[in-house]
Amino acid sequence: MATVLVTVASGLGGCAGGAASNSFAMANSPSGPTIAFESIDGPPPQVFERMVGVLDSESKLRSLSIVSREGTAAYRVRGYLAAEVSHGRTTIAWVWDVYDQNQQRALRVSGEEPAGKAGRDAWASVDDLVLRKIAQAGLSGLAGMISGTAPADAPQPPPPATPSRRGPAVASAEDLPALAYTSH
């Protein structure tokens, strides 16, 4: 586990604040569609490294095959985390954009997790439980899409007037309006 964590953390180390130089690879044996994490932007390095460890353990529990981002993968994930402080409490908003082999967004999974009392550094209140909840929700949405049981496939009630502040939200590329592209 320690070797995997060091390999993974060094591979995406630059993604916490910029471009990555190596690869994000988990030591899972490939079974089923493979997943590569392109990046996880937003958190400082220490939170990023803990997130990588949590993703490693949670992907193994779900038998998801995480591979190097430099190799071939059925799906590629770009993750984003942001810390928001409101009334002295930190909330981590997160989004995973999942792309297929044709570079088309296949799924968006997002949510917010309360992280606790904010101090001078909002990220200091982010413990492993918060990161685990994010990993579990994101990987569950991803696994559901892969198995064809994603919540986005089920009939959805109309959206609430105001966004929910708790739990993951899952959307698919089919939910997006058609975009017109023009050349200049």
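For every chain, the first residue of its written sequence is number 1, and the numbers climb from 1 along that sequence. Two thresholds apply to this predicted model, a pLDDT of at least 70 for residue-level local features and 80 or more for giving and counting side-chain atom pairs, whereas whole-chain, interface and lining totals are computed over all residues. Processing note: side-chain calculations cover all non-hydrogen atoms of the structure and skip hydrogens and water entirely.

**Brief notes about the environment of Arg 62**
- Each helix is a run of DSSP H or I of at least 4 residues and each strand a run of E of at least 2, with the numbering of both proceeding from the N terminus. The residue Arg 62 is located in the loop between α2 (45-61) and β2 (65-66) in this model.
- Between buried and exposed lies partly exposed: a residue is buried under 20% and exposed over 50% of the maximum accessible area for its type, with that area taken using a 1.4 Å probe on protein chains only. Given a relative accessible area of 27%, Arg 62 falls into the partly exposed group.
- Spatially, the C-alpha atoms of Arg 62 and Ala 143 are 7.8 Å apart, while their sequence positions differ by 81 residues.
- For this analysis, residues touch if any pair of their heavy atoms sits within 4.5 Å. Discounting residues that sit within four places of it in the chain, Arg 62 has contacts with Gln 136, Leu 139 and Ser 140.
- Here the side chain of Arg 62 touches Ser 140 through a polar contact of 3.5 Å, side chain to side chain. Whenever a nitrogen or oxygen atom comes within 3.5 Å of another N or O atom, the pair is scored as a polar contact, on the condition that within protein one atom can donate a hydrogen and the other can accept it, and that pairs from neighbouring residues in sequence are kept only if both atoms are in side chains.

**Points about unusual backbone geometry**
- A positive phi angle, close to 55°, is found at Ser 63, a residue other than glycine.
- With respect to the helices and strands, the residue Ser 63 is situated in the loop between α2 and β2.
- Here Ser 63 falls in the exposed class, since its relative accessible area comes to 51%.
- Located in the positive-phi region is His 87, a residue other than glycine, with phi close to 55°.
- The residue His 87 is located in the loop between β3 (75-86) and β4 (89-99) in this model.
- On the accessibility criterion, His 87 (81% relative accessible area) is exposed.

**Considerations on the packing of aromatic side chains**
- A pair of aromatic rings is counted whenever rings of Phe, Tyr or Trp (Trp by its six-membered ring) have centres within 6.5 Å, and the orientation is called stacked for planes under 30 degrees apart, edge-to-face for over 60 and tilted otherwise. Enumeration according to the criterion identifies two aromatic pairs in this entry.
- Consider the rings of Trp 94 and Trp 96, whose centres lie 6.0 Å apart with planes at 65°: the pair is edge-to-face.
- Judged by its relative accessible area of 2%, Trp 96 is buried.
- By definition, being over a ring means that NZ of Lys or CZ of Arg is both within 6 Å of the ring centre and within 35 degrees of the ring normal. Geometry around Tyr 99 places Arg 78 over its ring, the cationic atom sitting 4.5 Å from the centre.

**Focus on the confidence of the model for the chain**
- On a scale of 0 to 100, pLDDT captures the predictor's confidence in every residue. Predicted confidence across the chain gives a mean pLDDT of 74, with 64% of residues reaching 70 or more.
- The spread of mean pLDDT over the elements of the chain runs between helix α1 (residues 2-12), the lowest at 40, and β4, the highest at 95.

**Quick word on the pattern of salt bridges**
- Whenever a carboxyl oxygen of Asp or Glu lies within 4 Å of a side-chain nitrogen of Lys or Arg, that contact is scored as a salt bridge. Scanning the entire structure with this criterion turns up seven salt bridges.
- Asp 128 is the salt-bridge partner of Arg 50, the closest N and O atoms lying 2.7 Å from each other. Of this pair, Arg 50 sits in helix α2 while Asp 128 sits in helix α3 (residues 128-147), placing them 78 residues apart in sequence.
- Linking Asp 97 and Arg 105 is a salt bridge whose minimum nitrogen-to-oxygen distance equals 3.2 Å. Accessibility assignment for this pair places Asp 97 and Arg 105 in one class, buried.
- Via salt bridges that share partners, Glu 58, Arg 62 and Arg 132 belong to a single interconnected network.

**Observations concerning the packing of α2 against α3**
- Fitted lines through C-alpha atoms serve as axes, helices being fitted only where they are in contact, and the angles separating the N-to-C directions of these axes extend from 0 to 180 degrees. At a closest axis distance of 9 Å, the pairing of α2 and α3 adopts a crossing angle of 50°. Compared by their axis directions, α2 and α3 come out oblique. Crossing hand, α2 versus α3: right-handed. From α2, Val 47, Arg 50, Met 51, Val 54, Leu 55, Ser 57, Glu 58 and Ser 59 reach across to α3, where they touch Asp 128, Leu 131, Arg 132, Ile 134, Ala 135, Gln 136 and Leu 139. For classification, angles of less than 35 degrees are called roughly parallel, those exceeding 145 degrees roughly antiparallel, those between 65 and 115 degrees roughly perpendicular, and all remaining angles oblique. Left-handed describes a crossing whose near helix is turned anticlockwise from the far helix by less than a right angle; the clockwise case is right-handed.

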